[in-house]
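The primary structure of each chain is shown beneath.
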There are 2 protein chains.
Amino acid sequence: MNTTSVDYSLYLVTDRNLSRGRSTAMIVSEAVAGGVTCVQLREKGCSTREFIGEALALKKILCQAGIPLIINDRVDVALAMGASGVHLGQSDMPIEDARRLLPPGALIGISAESLEDAVIAEKKGADYIGISPVFATPTKTDTAPPLGLEGIRCIRKAVNIPIIGIGGINLSNGKEVISAGANGLAVVSAIVSAGDPQKAARAIKKAAFPGSL
Amino acid sequence: MNTTSVDYSLYLVTDRNLSRGRSTAMIVSEAVAGGVTCVQLREKGCSTREFIGEALALKKILCQAGIPLIINDRVDVALAMGASGVHLGQSDMPIEDARRLLPPGALIGISAESLEDAVIAEKKGADYIGISPVFATPTKTDTAPPLGLEGIRCIRKAVNIPIIGIGGINLSNGKEVISAGANGLAVVSAIVSAGDPQKAARAIKKAAFPGSL
């Protein structure tokens, strides 16, 4: 994958616990139809074999659409099923190890909870940074204090690689995150918990990137 | 590692929750001094980074002693820190994927809960099989019904690779597991929960392999 051409504008992060009983594959299909440009599969409770199976199911959907599939945390899962890359938190595998283990061209995204995290991630060769959390969020309870729009502006000035805001992003606040300098919006509950994930994705994208649809 | 020369006779499987507050590194050091010949690091709740750190700490101890370090489930952790191999359950990564991802000579052990599992594991190139559970065990609650000594005998006749009994093995029953045809004993609580893990390991080994010490 040509990592410079990745469109991070609307980046879906899955969460089976927030999907209201619907399959992740169904949510992802709908979200892609609604304009999602990148998908991260995040699984925290399932077995490795189930994680690989779920990733392969999403790969089938996303390959056809030319959309990258990024695996949260698990480099083994990404290697086994051939993902586009991984997304690593500060407690996941160090980026140096992941880069060494993954094939050339694999995307590596890093979660940054501070300016310092972001600067280090860029220095160590991250392909993009997830700035987390931008706003308070019910999706994750173990997060640092919200960085806010000022945090986005600050990090935007300090790093050159794409930055994606995550945490509490929805229809009403996406545009200001982009205006603050983010390249993309990572969304969890505003899409996966929506009654109509396709419609929700389309609305968020339209509101944040008025010229895109 | 020359996989034909591995000594599986007393195979320690770690469990931080059963270690009574002592560090896994301390338990492993003691157990090795007591005659453990192989160590599997099993971590189910910690972060990937912590898992790698723990594995590196054990590697330091085990390298010096020439004892293999096997990582439970996580091929990514094994790759990142250079373990001797992995141990995979029936819900972990399929062996074909693990073999492809791991370096040549890496050990792959497979948990078998039936004769059929064991035969398939050998056919797919496992280096050894963990027969589980031999007896009822308090360590894992999600196990199949105990296979018993008859199960060991049955599997011994069907496969040629090393087989290791696991589940409820302790000082009093290890010898009969070996007599039934197992090459080794995998032990969790009888060592990690023991007041003196070194003494416990030595006693189990002496009881099961009277000529070994």
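Residues numbered from 1 in each chain as written. Chains lettered and ligands numbered in written order. Predicted model: local features only at pLDDT ≥ 70, side-chain atom pairs only at ≥ 80, totals over all residues. Heavy atoms only, no water.

Student: Please give an account of the overall build of chain A that cites residues and values.
Tutor: Scanning chain A from terminus to terminus reveals nine helices and eight strands. A compact globule built from 213 residues should have a C-alpha radius of gyration of about 17 Å, and chain A, at 16 Å, falls within 12% of that. Summarising its shape, the C-alpha atoms of chain A cover approximately 40 × 40 × 30 Å along the three principal directions. Sorting the 213 residues of chain A into buried and exposed places 56% on the buried side. Summarising the internal contacts of chain A: among those between residues at least 6 apart in sequence, 59% fall at separations of at least 24. Summing over all exposed atoms, chain A offers an accessible surface of approximately 8,800 Å²; the carbon and sulfur share of this is 52%. Side chains of chain A give 22 positive and 20 negative charges; the mean places of these two sets differ by 6 Å. (Helix = DSSP H or I, 4+ residues; strand = E, 2+ residues; numbered from the N terminus. Rg over C-alpha atoms; globule rule 2.2 N^0.38 Å. Buried < 20%, exposed > 50% of the residue type's maximum accessible area, 1.4 Å probe, protein only. Contact = heavy atoms within 4.5 Å. Areas by Shrake-Rupley, 256 points an atom, 1.4 Å probe, with all protein chains shown as cover. Lys, Arg positive; Asp, Glu negative; His and termini not counted. Charge placed at Lys NZ, Arg CZ, Asp CG, Glu CD.)

Student: Please give an account of the interface of chain B and chain A that cites residues and values.
Tutor: Listed per partner, the contact involves 19 residues of chain B and 19 residues of chain A. Both sides together, the interface formed by chain B and chain A hides about 1,600 Å², and carbon and sulfur atoms give 54% of it. Per-residue buried area on chain B facing chain A is highest for Arg 49, Asp 76 and Met 93 of chain B; these three make up 32% of the total on that side. Where chain B touches chain A, the interface holds two salt bridges. Across the pair Asp 76 of chain B and Arg 74 of chain A runs a salt bridge whose closest N-O atoms are separated by 3.7 Å. Applying the counting criterion to the chain B and chain A interface returns 12 residue pairs in polar contact (both at pLDDT 80 or more). (Buried area = accessible area lost by both parts, 1.4 Å probe. Salt bridge = Lys/Arg side-chain N within 4 Å of Asp/Glu carboxyl O. Polar contact = N/O pair within 3.5 Å; in protein donor to acceptor, adjacent residues only side chain to side chain.)

Student: Help me get a handle on the state of the cysteines, residues and values and all.
Tutor: All names here are of chain A. The full count for this structure, using the stated rule, is zero disulfides over all chains. The closest cysteine sulfur to the non-disulfide-bonded Cys 63 is located on Cys 38, 13 Å from its own sulfur. The exposure class assigned to Cys 63 is exposed, which follows from its relative accessible area of 57%. (Disulfide = S-S within 2.5 Å.)

Student: Requested: an account of helix α6 (residues 148–158) of chain A, with residues and values cited.
Tutor: For the α-helix, the turn length of 3.6 residues means that residues three or four positions removed from each other point alike. All names here are of chain A. Three or more residues of α6 are buried, namely Gly 148, Leu 149, Gly 151, Ile 152 and Ile 155. Seen from one end, α6 has its buried residues packed into an arc of 160 degrees, which puts them on one side. For α6, the secondary structure elements touched by its buried residues are α5 (115–123), β6 (128–131), β7 (163–166) and α7 (174–179). (Arc of directions from axis to C-beta.)

Student: Outline the pairing of strand β8 (residues 184–187) of chain A, supporting the account with residue identities and numerical values.
Tutor: Residues and elements named next belong to chain A. Here β8 shows two buried faces, one formed by Gly 184 and Ala 186 and the other by Leu 185 and Val 187. Of the strand pairs in this sheet, strand β1 (residues 10–13) and β8 are connected by three bridges, and their pairing is parallel. Bridge assignment links Leu 12 to a residue of β8, and that residue is Val 187. Direction of pairing for β7 relative to β8: parallel, over a ladder of three bridges. Across the sheet, residue Gly 165 finds its bridge partner in β8, namely Leu 185. Once you follow β7 into α7 and on to β8, the crossover reads as right-handed. (Pairing = 2+ DSSP bridges. Right-handed = clockwise from strand over helix to strand, strands pointing away.)

Student: Kindly report on the pattern of salt bridges, identifying the contributing residues and their values.
Tutor: This model, assessed by the stated rule, comprises 18 salt bridges over all chains. Put simply, Arg 99 of chain A and Asp 127 of chain A hold a salt bridge, and the shortest N to O gap is 3.0 Å. Here Arg 99 of chain A is found in helix α4 (residues 95–101), whereas its partner Asp 127 of chain A is found in the loop between α5 and β6, with 28 residues between them in sequence. Across the salt bridge formed by Glu 50 of chain B and Arg 16 of chain B, the nearest N and O atoms sit 3.1 Å from each other.

Student: Could you give me a rundown of the relation of the copies chain B and chain A, with the residues and numbers involved?
Tutor: Note on the copies: chain B fits chain A at an RMSD of 0.0 Å, the axial shift is 0.0 Å, and the rotation between them is 180 degrees. Each copy turns onto its partner about a two-fold axis. Across chain B, the rotation axis passes nearest the C-alpha of Asp 76 of chain B, at a separation of 2.3 Å. Of the residues that chain B buries at the interface, 100% are likewise interface residues in chain A, meaning the two copies contact each other through the same surface. (Least-squares fit on C-alpha atoms with pLDDT ≥ 70 in both.)

Student: Got a sec to walk through the packing of helix α5 (residues 115–123) of chain B against helix α6 (residues 148–158) of chain B? Specific residues and values, please.
Tutor: Residues and elements named next belong to chain B. Between α5 and α6, whose axes approach to 10 Å, the crossing angle comes to 30 degrees. Judged by the angle between their axes, α5 and α6 are roughly parallel. Along this stretch, α5 crosses α6, giving a crossing that reads as right-handed. For the pair formed by α5 and α6, the contact residues are Leu 115, Ala 118, Val 119 and Glu 122 on the first element and Cys 154, Ile 155 and Ala 158 on the second. (Axes fitted to C-alpha atoms, helices over the stretch in contact; angles between N-to-C directions. Parallel < 35°, antiparallel > 145°, perpendicular 65-115°, else oblique. Left-handed = near helix turned anticlockwise from the far one by under 90°.)

Student: Before we move on, could you go through the sheet that holds strand β4 (residues 85–88) of chain B and cite the residues and values that matter?
Tutor: Residue and element names in this part refer to chain B. Strands sit in the order β1-β2-β3-β4-β5-β6-β7-β8 around a closed barrel of eight strands; the barrel is parallel. Averaged over all adjacent pairs, the angle separating strand axes in this sheet is 25 degrees, with direction ignored. Bridge count for strand β3 (residues 69–72) against β4 is three bridges, and the pairing is parallel. Bridged to Asn 72 within β4 is His 87.

Student: So what's going on with helix α2 (residues 48–65) of chain A? Residues and values would help.
Tutor: All names here are of chain A. With 18 residues, α2 ought to run about 26 Å at 1.5 Å a step, and its terminal C-alpha atoms sit 26 Å apart, in line with that. The sharpest bend along α2 measures roughly 25 degrees and falls at Lys 59. Taken as a whole, α2 has its buried residues at Thr 48, Phe 51, Ile 52, Glu 54, Ala 55, Leu 58 and Leu 62. Lining the buried residues of α2 we find α1 (24–33), β2 (38–41), β3 (69–72) and α3 (75–81). The positive-phi residue at the C-terminal boundary of α2 is Gly 66, with phi of around 70 degrees. (Expected span 1.5 Å × (residues − 1). Bend = angle between axes of the 7 residues up to and from the residue.)

Student: Outline the layout of surface pockets, supporting the account with residue identities and numerical values.
Tutor: A probe as big as a water molecule, rolled over the atoms, marks out the empty space that is left. Residues and elements named next belong to chain B. Its boundaries defined by the atoms lining it, the second largest pocket holds a volume of some 880 Å³. The wall of the second largest pocket is formed by 43 residues, among which Arg 42, Lys 44, Asn 72, Lys 140 and Asp 142 lie closest to the centre. Of all the secondary-structure elements, those providing two or more residues to the lining of the second largest pocket are β1 (10–13), β4, β6 (128–131), β7 (163–166), β8 (184–187) and α8 (189–192). A breakdown of the residues in the lining of the second largest pocket according to their chemical character gives 14 nonpolar, 20 polar and nine charged. (1 Å grid on protein atoms, 1.4 Å probe; cavity = no way out; pocket = protein on both sides within 12 Å on 5 of 7 lines; lining within 4 Å. Points joined across faces, edges and corners; volume = space filled by probe spheres on them. Nonpolar A, V, L, I, M, F, W, Y, C, P; charged D, E, K, R; others polar.)

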